[in-house]
Amino acid sequence: MPVSTLENSQMNMTMIRKCAARVGVVALCTAALSTVPMMAQGGGGGGRMPMTADDQLAAIDKAVTLTSDQKPQVKAILDLDAKKRADMMAAQDPDMRAKMMAMRTDEQTKIKAILTDDQKAKYDAYLASLPQRGGGGGRPGGGGAPGGGGAPPPPPPQ
């Protein structure tokens, strides 16, 4: 009977290997399928990377059709603010958020000063189409992100 015990042991090992392989395939498929919705939501972990000055210039140009004279002026504003943002990030300024929001408002005002009236309307529409950054939350339904800084929810009815 030792032969049958050896065969039985080999069959058990084969079954265990097959089961482990199936579990591994299911785990791999689950991980792959859960990655797609996370990527569709903007990465899921670290948020989106900020646009470079060149990306911003291209987006603004697409939205308002900048002239050849306006492009270098807008680029200079975007480059200067990108450097200021990088310096603030490197310095770990505790008041960085408020300063960046003020800098963004100032940047938009400077860009509008370069634009024609028709372009200003298009630029306003472009800005309105951008996802809200900063204190507005970011989740549908007004839940806001942790530390979003939006208005607190109303008290529950009594």
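Residues numbered from 1 in each chain as written. Predicted model: local features only at pLDDT ≥ 70, side-chain atom pairs only at ≥ 80, totals over all residues. Heavy atoms only, no water.

(A) Structural context of the overall build of the protein. Counting secondary structure elements, the protein contains five helices and zero strands. Counting over 158 residues, the protein shows a buried share of 16%. Accessible area of the protein: about 11900 Å², with a carbon and sulfur share of 63%. (Helix = DSSP H or I, 4+ residues; strand = E, 2+ residues; numbered from the N terminus. Buried < 20%, exposed > 50% of the residue type's maximum accessible area, 1.4 Å probe, protein only. Areas by Shrake-Rupley, 256 points an atom, 1.4 Å probe, with all protein chains shown as cover.)

(B) Inspection of the packing of helix α3 (residues 70-91) against helix α4 (residues 96-114) at higher detail. In contact at an axis separation of 10 Å, α3 and α4 are set at 175 degrees when each is read in the N-to-C sense. Of the possible angle classes, the one that applies to α3 and α4 is roughly antiparallel. Within the contact between the two elements, α3 uses Q70, Q73, V74, I77, L78, D81, K84, R85, M88 and M89 and α4 uses M96, K99, M100, M103, E107, K110, I111 and I114. For the contact of α3 with α4, the residue count by class is 10 nonpolar, two polar and six charged. (Axes fitted to C-alpha atoms, helices over the stretch in contact; angles between N-to-C directions. Parallel < 35°, antiparallel > 145°, perpendicular 65-115°, else oblique. Contact = heavy atoms within 4.5 Å. Nonpolar A, V, L, I, M, F, W, Y, C, P; charged D, E, K, R; others polar.)

(C) Quick look at α4. Under the 1.5 Å per step criterion, the end-to-end length of α4 is 27 Å for 19 residues, consistent within 8% with the ideal 27 Å. On its buried side, α4 packs onto α2 (53-64), α3 and α5 (117-129). (Expected span 1.5 Å × (residues − 1).)

(D) Seen up close, the nonpolar core. Core analysis: the biggest nonpolar cluster contains 13 residues, and I60, L66, V74, L78, I111 and Y123 have the highest contact counts within it. Contributions of two or more residues to this core are made by α2, α3 and α5. In terms of residue count, α2 provides more of this core than any other element does, four residues in total. Leaving out residues up to four positions away in the same chain, V74 has contacts with L57, I60, L66, I111 and I114. (Core = buried A, V, L, I, M, F, W, Y, C linked by side-chain atoms within 4.5 Å.)

(E) Spatial organisation of unusual backbone geometry. Its identity is not glycine, yet T65 carries a phi of approximately 55 degrees, on the positive side. Structurally, the position occupied by T65 is in the loop between α2 and α3. Under the relative-accessibility criterion, T65 is labelled exposed at 53%.

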